[in-house]
Amino acid sequence: QVQLVESGGGLVQARGSLRLSCEASGRIINIIRMGWYRQAPGKQRELVALITSLGRTNYADSGKGRITISRDNAKNMVYLQMNSLKPEGTGVYYCAEDRGDSGGMDYWGKGTLVTVSS
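Residues numbered from 1 in each chain as written. Predicted model: local features only at pLDDT ≥ 70, side-chain atom pairs only at ≥ 80, totals over all residues. Heavy atoms only, no water.

Draft legend 1. Structural view of the pairing of strand β3 (residues 18–24). When you tally the buried positions in β3, you get 5 out of 7 residues, the bulk of the element. When strand β1 (residues 4–7) meets β3, the two strands line up antiparallel, connected through 4 bridges. Counted as the bridge partner of glutamate 6 is cysteine 22 from β3. (Buried < 20%, exposed > 50% of the residue type's maximum accessible area, 1.4 Å probe, protein only. Helix = DSSP H or I, 4+ residues; strand = E, 2+ residues; numbered from the N terminus. Pairing = 2+ DSSP bridges.)

Draft legend 2. Local environment of the packing of aromatic side chains. The full count for this structure, using the stated rule, is 1 aromatic pair. Over the face of the ring belonging to tyrosine 94 we find arginine 45, whose NZ or CZ atom lies 4.8 Å from the ring centre. Above the ring of tryptophan 108, the side-chain terminus of arginine 45 is found at 3.8 Å from the ring centroid. (Phe/Tyr/Trp six-rings, centres within 6.5 Å; stacked < 30°, edge-to-face > 60°. Lys NZ or Arg CZ within 6 Å of the ring centre and 35° of its normal.)

Draft legend 3. Structural context of the state of the cysteines. Evaluation of the coordinates by the stated rule reveals 1 disulfide. In this model cysteine 22 forms its disulfide with cysteine 95; the gap between the sulfur atoms is 2.1 Å. Taking the sign of the S-S torsion, -80 degrees for the link of cysteine 22 and cysteine 95, the bridge is left-handed. Taken together, the positions of cysteine 22 in strand β3 and cysteine 95 in strand β9 (residues 91–98) put the pair 73 residues apart, joining distant regions of the chain. By the burial criterion, cysteine 22 is buried, and cysteine 95 matches it. (Disulfide = S-S within 2.5 Å.)

So, in structure tokens, the structure goes:
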């Protein structure tokens, strides 16, 4: 059973920073992609950042220059460093894995809430 557990969310003022962590229950070294997604209140879940097994990254335009995704294969952890946060960054942040099973993300965590106050 694959489990992803997010942590690090909380309340932060605009222009502040947060670092989210995702702990995977299994080894992530060969996971095709791992990603962070955000679901804002009343909106659909959307991509924030992706990182491949080779360390290549991809970011939503809204976060470029302010957000960094990284992974520590030895610890089976994925991180999301968010700087200069904006109120529109408020939402539940989910960690996800792509193991090549479905054509998309195959496993999801339960999320961690980030609230950015103005």
